[in-house]
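Residue-level structural notes
For reference, the chains in residue letters:
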Amino acid sequence: MSEIHRLKSQIVSRFSLGGFQIRSEASSFLAQQLQPLDDAERKKWITNVANHVQGQCLNLPVIEKQHIELAIKEANNTGLDDTETIFRVISAFEVPSFVYCVEKKKFLLDTNKKSLLATPDGKSGYIRERYWLLWQKTCRHESFSRRTTPGMEETGNKNKHILRKVENIVSTSKMNDVVLLGLLTQLTEGRYYLEDPTGSIPIDISIATYSAGLFCEGCFLLAYGKYRDGVLKVEEIRSPVPELAANSIAFYGTANSWGGPSKTLLKYSRNLNDLEKANVEHSLVFLSDCWLDNPIVLERLEQLLKGYDDYPPVAIVLMGPFSRRNENVYTLKSLFVKLGEILSTCEKLKSQTDLVIVPSIDDPAAANILPRPPIPGALAGELIKRFPRTILTTNPCRLQYCTQQIVVCRADLVTKLCRNTIHFPKEGLLEEHFARTIISQNTLAPLTPIAFPTHWNYDAALSLYPLPDLIVIGDPCQGFHTTEQGCTVMNVGSFPKSKYAFKVYYPSSRTVEDSQIPDED
C-alpha cells in the first residue's frame, strides 16, 4: 500500500468517526499536505483539521476540498492571542452549556440565559441531558451494535449488544439479553427502578453482580438481564462506558467546550503546548481545609508559603472551609487579614504566583448547594489589597494551565458516594472505584439532588465531559491520586487532619507529588 493511500485511509476513518463522508479529491489533497510529516504529527493534524471542519457547521455531512483548505488555514492560525494565557481561572457560572443534537450527532451550544432560579422543568432537563450525553458515547462504543448502510452487514456484529429503551422493553411480555441505560431511582419505597426519557421499569437486583465503581441513587448504570412479568431481572450492573477526552472532543468541533474568553479550545494551541513542555519546573499547589482560625494550621500555612517564596509555583489553590467555627461571619474577615499579612512578606510569590481561593459549602454567605459563589469581597478585600494576585472563585471552578484542563471541587464527594452506594465493592482500592465512578458518569454529582444539592441550570459546571486532564477533589478522607482513561483524579485530603499534607501537580510531566510540612520536633 502506497504512503498516500495509507494516509487517505486514516483520513477517511477519522472523518467517518464524526459522521462525515470525505470526497476523494479532498482526502487526496489533505494526504499530500501531511505526507512530509512524521506519523505523530500526521495524527495530530488529521484530528485538528477534522475538528475545524466540524466547526464549519456544514449543511450536508460531505467534505469537499474547499472545506479542507479552510480548515488548514484556520488550524495554522491557532496560537497565542489576547485570550490565551499560561494560567486562567474559570468561574462555574462562566462554563458553557451544550446539548446533544441526535440529528447532527454533535453537541451544540445552549444559548439560553441561565438563572439560579430554575423553571419547574429545569430538574428533568438537566437529568435528561446527562442521559443523552451518556447514551451517545455508549452507542459509539465497540461493545454495542452500530447501524450500517441498508443491505450491508457489519462484520463481527454477532457478539455486540443492542442498547434498549424502556418503551421497547415494556412493549413486550418478555425479552432476553436486555441491555438498558437508565437512572437508578426509588419511585416507591424499597423498590428500585431504572428511568430513561421514554419511561421507567422496576428492576430486581437480588442476584446482580457488579463491575468496578460505586452505584448510588441518582447515577446512571448499564443493566444486563432478562425482562419477565413486568420486571427487569438484572444479572449484571456496570458503569456507563468511559471515553477518552480526544474521542469526546471530536463531537464539539472547534467550539470552546471548556470555558474562558478564547473562541477555540486551547488544547490545540501549539505555542501553549511548547510553553508547557519547556517549563518542567512549573507546579500547582493544592490544599484543603485551610482553617485560618486554628493557630497551628495558620502557622503551618505560613511555613508553606514562605518555603515556596524561594521557588514560586504558578498557583497555590487554597480550599475551604477557612474557619472551623462559623459563629460570626465577620470573624473570617480578620482571618483573611492575617493571611494577607503573611503573604505580603513573600516578595517572589507576590510577583509570580496566583492565589486561588475556593470556598467550601460550609463557608459563609452562600447556601449549601453547588455551584456556590466565591467568598464575598467584603470578607476577603483586605487579603486582595495585601496580595493583589488573589483570585476569589466559585466551587467548583476550572483552571486552564497552558493546554491542560483542571477541575477543582471542595466537597465530601468520596464520603457521600461511599455512604449512598447500593453495593460496596469487596475488591480493589477505593480511589480506583471512585475515579471509575465519576469518570464513567462524567459528572461531579452522580447522586440525587437530596444527597448532593445542585443548581439545575448550572449542571454544566459539574460536568466532566470531555474529560479534563486533572480532577482535584477536596474531601476530608485520606488523600490519594490515580489515573483513569488518561485523566488524573486526585483527592487532596484535609490539611490539618493529615498532619499538614498537601499535593503538588507538575503539568509538564503530569505527575503528582505528595508533600507535607515537617514537624518542628
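An unreviewed UniProt entry lists the chain under the name DNA polymerase epsilon subunit, with Anopheles christyi as the source organism. Turning to the chain, the UniProt record has this under Subcellular location (unreviewed entry): "Nucleus". As its UniProt record puts it under Function (unreviewed entry), the chain is described as follows: "Accessory component of the DNA polymerase epsilon complex. Participates in DNA repair and in chromosomal DNA replication."

1. Topic: the overall build of the chain
Scanning the chain from terminus to terminus reveals 14 helices and 23 strands. The C-alpha radius of gyration computed for the chain amounts to 25 Å, which stays within 12% of the reference 24 Å derived for 521 residues, consistent with globular compactness. Over its C-alpha atoms, taken along the principal directions, the chain stretches across nearly 75 × 65 × 45 Å. The buried share of the chain, taken over its 521 residues, is 52%. Relative to all contacts within the chain whose residues are 6 or more apart in sequence, the contacts with residues 24 or more apart total 69%. In the form shown here, the chain has an accessible surface area of approximately 24000 Å², with 49% of it arising from carbon and sulfur atoms. Measuring between centres, the 58 positive side-chain charges of the chain sit 5 Å from its 59 negative side-chain charges.

2. Things to note about the sheet that holds strand β20 (residues 480-484)
What links the strands of a sheet is backbone hydrogen bonding, and the strands pair in either a parallel or an antiparallel sense. Within the open sheet, the 6 strands sit side by side as β3-β17-β18-β19-β21-β20. Their pairing is mixed. In the strand order of this sheet, the two ends are held by β3 (87-91) and β20, each with one partner. When strand polarity is set aside, the average angle formed by the axes of neighbouring strands in this sheet is 20 degrees. Sheet topology note: the strand β17 (residues 397-401)/strand β18 (residues 404-409) ladder contains 5 bridges and is antiparallel. Along β18, the bridge assignment pairs C397 with V408.

3. Here's the deal with the environment of P312
By secondary structure assignment, the location of P312 is in the loop between α9 (295-308) and β14 (315-319). The spacing of P312 and E281 is 31 residues in sequence and 9.8 Å in space, taken between C-alpha atoms.

4. A word on the sheet that holds strand β23 (residues 511-516)
Ordered by their spatial adjacency, 6 strands build an open sheet running β16-β15-β14-β13-β22-β23, and the pairing between neighbours is mixed. Two strands lie at the open edges of the sheet, namely β16 (390-392) and β23, each paired on one side alone. For this sheet the average axis-to-axis angle between neighbouring strands, irrespective of direction, equals 20 degrees. Sheet strands in contact with helix α12 (residues 377-386) are β15 (354-358) and β16, and its direction is about 170 degrees off that of β16.

Procedures and definitions
Residues numbered from 1 in each chain as written. Predicted model: local features only at pLDDT ≥ 70, side-chain atom pairs only at ≥ 80, totals over all residues. Heavy atoms only, no water. UniProt positions renumbered as here; feature names shortened; annotations may be inferred. Helix = DSSP H or I, 4+ residues; strand = E, 2+ residues; numbered from the N terminus. Rg over C-alpha atoms; globule rule 2.2 N^0.38 Å. Buried < 20%, exposed > 50% of the residue type's maximum accessible area, 1.4 Å probe, protein only. Contact = heavy atoms within 4.5 Å. Areas by Shrake-Rupley, 256 points an atom, 1.4 Å probe, with all protein chains shown as cover. Lys, Arg positive; Asp, Glu negative; His and termini not counted. Charge placed at Lys NZ, Arg CZ, Asp CG, Glu CD. Pairing = 2+ DSSP bridges. Axes fitted to C-alpha atoms, helices over the stretch in contact; angles between N-to-C directions.

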